[in-house]
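Here is what each chain is made of, one letter per residue.
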Amino acid sequence: MTSRRGDILTTGRLSIPAENALQVVGTDRKTCARQAATCRLQVGASTGLNDEQRLSVLSELWLEEGLALIRQPAATQDPEAIINAYLEAARHAHAYLFLTRRRLEQRALEERQGQVRDYYNFSVQQAVTNLFGAAQRQGRNERRVDSDGSFSLVSGKWRIEGRIDGSLVHGSELPAELIPAASLTFAGVRNQYRRDGIGASLVSSTGTGIVPRSRGHEPYLETPFASTTVIVDFAGTSLDAILQTKEVRIAVHDPYRQSTVRIAGTTVPLAGDFTAAYGLWLARSDFSAQSLLTLVGKGNALDEPRLYLMQPYDPSRRTIILLHGLASSPEAWINVANELLGDERLRQNYQIWQIYYPTNVPIAINHAAIRSAISRTVARFDPGGTAPASRDMVLVGHSMGGLLSRLAVSSSGDRLWHDITRTRELDGGQLAQARSVLAPYASFDPLPQVSRAVFVAAPHRGTPFAESAVARFAARLVALPASVLAKVKDVAELLAVPGDVDPNSFLDSANGIRNLSERDPFIRASAELPIGEAVRFHSIIANDTPHVPLADSSDGLVPYRSSHLTGALSEKVIPYSHSVQETPAAILEIRRILHEHLDGLADPHSEVPAP
């Protein structure tokens, strides 16, 4: 079977169908390798081969030529010859697939058609990435993209016109990088999700930074890496016209928005890779190191939340917002996000936003800033707030992120304000000043855009671990950003109780670690706040102590009594430690909840579009 299915791509040798065809025209593999141009002419002129045989063999021979040229030393390579070989391979594969007497569906179970599809996809990948490299070498003026996403290039005999899907256009230049998705693998990612079909799966990069920018900018960052699928078409409607033309058309598609493409009057599945762009974003972010440096105020310290869009904004897709936990980052969701993107129905109906926030900052300040970041991002992309993306959002938070998610869907009423003022004697002016300063932290309603939340190992009532020697030592290492420290000092001075030895004494506990204590006043008060009536919520809880009753159990950091919430639509207890969001069981539960969310909406795109 391996021998029968091997070809130039899988074994480095011509396929058995190609070798059989060469024998028909009176030559063989070795002779053809020595006299490649003559061999291709013989095959093209032979009357002993039908169109399917001739076109498939020529595609494979041109592909062999391209592979041989690319293996030459870089100093002796001819870029135009390489591009020409791959475009010729794609041209003949295209003609085989779409312009021979038998239609695609009539050859659906034939191995040869699968091989030629692969020749087309690989040749398009190589032709386009080499064209891109040539355009970069030619200079800035050759890399312009018109406002409608169109561009033009010339390579040797080929005149190339192209168009980029509007959702993928960034500025007036071609991308800074174009990377074949098939060349990327990622440590830590369990599965790499792809959709089989026609086209070359690539990752395009804008070249913009990943790390958070300084204050004063928009609260969101669009991912600099986008999944794209490239189709190469050739001018002409007949087989002869296609084989003679020098005009090439390149179309760059967004595989999230488009699942099929029409070529030569035939609708076929559009290939797509839904892991590579996300994996590349994480691989180049260095989030794990950055999050630890931020905790102690080192490096390019993050001083406020940043919201990352994992794909180009789509107003028609519902939004999932992921919030990580203490001393963590978006890397905590690596398999959650990837598995959600791997579910076809979820991918068709949702887009993922991730919030990266400084976990050293007090919870009340982070909560207010995260609310602001979400609201401002929605206002930027959908000022009227009418798009599906802006309604019925789902918050999923792990650990501290779960606590922040619950606050985001809760009503404060006067509870927090009452707790702040009941032990302090504030005159009229002080009271007005206190209200002005503390309003963002002590007075809030559920975020109107969110209608469902999933709390994963969330310490709603704090955790005794925050009072342990290890946690206290870690808390002493925490350093707040200067802008946050100024806010905390203002609040400390404002709320100083007469007679205190040190009015700023609570600064020692004003950080994310100490805030998680069961004794923390904010935690104790916020634990009693009601979740909005319109919000459906779920709990996923880890149990790392199976030998004790559930009510007394813990995940090693957070006790069950803190994670449990009365009124949850569902509560899934999973035998695991605190990082339970990584487990297949937790991911399956999140997927189930997201499907349930779609089922309950009035206007979901609940069915996968037919190919």
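Going by the structure above, here's the rest.
Each value, and the rule that gives it
Residues numbered from 1 in each chain as written. Predicted model: local features only at pLDDT ≥ 70, side-chain atom pairs only at ≥ 80, totals over all residues. Heavy atoms only, no water. Buried < 20%, exposed > 50% of the residue type's maximum accessible area, 1.4 Å probe, protein only. Helix = DSSP H or I, 4+ residues; strand = E, 2+ residues; numbered from the N terminus. Pairing = 2+ DSSP bridges. 1 Å grid on protein atoms, 1.4 Å probe; cavity = no way out; pocket = protein on both sides within 12 Å on 5 of 7 lines; lining within 4 Å. Points joined across faces, edges and corners; volume = space filled by probe spheres on them. Disulfide = S-S within 2.5 Å. Contact = heavy atoms within 4.5 Å. Expected span 1.5 Å × (residues − 1). Salt bridge = Lys/Arg side-chain N within 4 Å of Asp/Glu carboxyl O. Axes fitted to C-alpha atoms, helices over the stretch in contact; angles between N-to-C directions. Parallel < 35°, antiparallel > 145°, perpendicular 65-115°, else oblique. Left-handed = near helix turned anticlockwise from the far one by under 90°. Patch = residues over 30% accessible without salt bridge, like charges linked within 9 Å, V, L, I, M, F, W, Y side chains within 5 Å. Areas by Shrake-Rupley, 256 points an atom, 1.4 Å probe, with all protein chains shown as cover. Phe/Tyr/Trp six-rings, centres within 6.5 Å; stacked < 30°, edge-to-face > 60°. Lys NZ or Arg CZ within 6 Å of the ring centre and 35° of its normal.

1. Looking at the pairing of strand β12 (residues 306-309)
Okay, so step 1: Residue alternation in β12 divides its side chains into two sets, R306 and Y308 and L307 and L309, and both sets are buried.
Okay, so step 2: Examined bridge by bridge, strand β6 (residues 220-222) and β12 share three bridges and lie parallel to one another. Residue pairing in the sheet places L221 in a bridge with Y308 of β12.

2. Here's the deal with empty space enclosed by the protein
Where empty space is left becomes clear once a probe the size of a water molecule has been rolled over the atoms.
Okay, so step 1: A complete count under the given rule lists five cavities of 30 Å³ or more for this structure.
Okay, so step 2: Taken as a whole, the largest cavity holds about 220 Å³ of empty space.
Okay, so step 3: Around the largest cavity, the lining is made up of 15 residues, and of these V128, F151, P175, L178 and V252 lie nearest the centre.
Okay, so step 4: For the lining of the largest cavity, the secondary structure elements donating two or more residues are α7 (111-138), β1 (150-155), β7 (225-234) and β8 (247-253).
Okay, so step 5: Counting residues per element, the lining of the largest cavity draws most heavily on α7, which supplies three residues.

3. Looking at the state of the cysteines
Okay, so step 1: Applying the stated criterion to the full structure yields one disulfide.
Okay, so step 2: Paired by a disulfide, C32 and C39 hold their sulfur atoms 1.8 Å apart. In this structure, the disulfide formed by C32 and C39 twists by about -95 degrees around the S-S bond and is classed as left-handed.
Okay, so step 3: The buried category is assigned to C39, whose relative accessible area is 1%.

4. Observations regarding the environment of V230
Okay, so step 1: Topologically, V230 is positioned in strand β7.
Okay, so step 2: Setting aside residues no more than four positions away along its own chain, V230 makes contact with V124, V128, G199, A200, L202, I250, A251 and V252.

5. Here we look at the side chain of H597
Okay, so step 1: Along the chain, H597 turns up in helix α22 (residues 584-600).
Okay, so step 2: Filtering out sequence-adjacent residues up to four positions away, H597 remains in contact with Y350, D392, V394, S451 and R452.

6. A look at α22
Okay, so step 1: Its 17 residues give α22 an end-to-end C-alpha distance of 24 Å, which sits within 8% of 24 Å, the value for a rise of 1.5 Å per residue.
Okay, so step 2: All of the buried residues in α22 are A586, I587, E589, I590, I593, L594, H595, H597 and L598.

7. Brief notes about the pattern of salt bridges
Okay, so step 1: Inspection of every chain in the model, using the stated rule, returns 32 salt bridges.
Okay, so step 2: With its nearest N and O atoms 2.3 Å apart, the salt bridge here joins R54 to D51. Placement of both R54 and D51 in helix α5 (residues 51-70) is noted, with a separation of three residues, approximately one turn of the helix.
Okay, so step 3: With its nearest N and O atoms 2.8 Å apart, the salt bridge here joins E105 to R103.

8. Focus: the sheet that holds β12
Okay, so step 1: Taking strand neighbours across the sheet as the criterion, the eight strands line up as β6-β12-β14-β13-β15-β16-β17-β18 in an open arrangement whose pairing is mixed. Among the strands making up the open sheet, the edge pair consists of β6 and β18 (570-574). Within this sheet the neighbouring strands show an average axis-to-axis angle of 20 degrees, counted without direction.
Okay, so step 2: With six bridges joining them, strand β15 (residues 393-398) and strand β16 (residues 450-456) adopt parallel strand pairing. Looking at the pairing, H398 lines up with V456 of β16.

9. Some words on the packing of helix α11 (residues 334-342) against α22
Okay, so step 1: Interhelical geometry of α11 versus α22 gives an angle of 45 degrees and a closest axis separation of 10 Å. Relative to α22, the element α11 lies oblique. α22 is crossed by α11, and the crossing has right-handed handedness. For the pair α11 and α22, the contacting residues are N335, V336, E339 and L340 in the first and I587, I590, R591 and L594 in the second.

10. Describing a nonpolar patch on the surface
Okay, so step 1: Together, F465, V470 and L557 line one region of the surface with nonpolar side chains, adding up to about 250 Å² of accessible area.
Okay, so step 2: You can see V470 is positioned in helix α17 (residues 469-477).

11. Some remarks on the environment of I540
Okay, so step 1: Here I540 is to be found in strand β17 (residues 536-542).
Okay, so step 2: In sequence terms I540 and A457 are 83 residues apart; their C-alpha atoms lie 6.2 Å from each other.
Okay, so step 3: Residues in contact with I540, not counting those within four places in the same chain, are V454, F455, V456, A457, K572, I574, A586, E589 and I590.

12. Points about the packing of aromatic side chains
Okay, so step 1: In the structure shown here, the tally under the stated rule is eleven aromatic pairs.
Okay, so step 2: The rings of Y278, W281, F287, Y308 and Y356 are connected pair by pair, giving a single aromatic cluster.
Okay, so step 3: Residue placement shows R40 over the ring face of W62; its charged tip is 3.7 Å from the ring centre.
Okay, so step 4: Its guanidinium or amino end placed over the ring of F274, R347 lies 3.6 Å from that ring's centre, counting from NZ or CZ.

13. Some words on the environment of Q126
Okay, so step 1: Along the chain, Q126 turns up in helix α7.
Okay, so step 2: For Q126 and I82, which are 44 residues apart along the polypeptide, the C-alpha to C-alpha distance reads 8.7 Å.

14. Side note on the sheet that holds strand β3 (residues 177-180)
Okay, so step 1: The sheet built from six strands is open, its strands ordered β1-β2-β8-β7-β5-β3 with mixed pairing. Both edges of this open sheet fall to β1 and β3, since each of them pairs with a single strand only. Each adjacent strand pair in this sheet contributes to an overall mean axis angle of 30 degrees, direction not counted.
Okay, so step 2: Here strand β5 (residues 200-205) runs beside β7; their pairing, made up of six bridges, is antiparallel. Along β7, the bridge assignment pairs S205 with F225.

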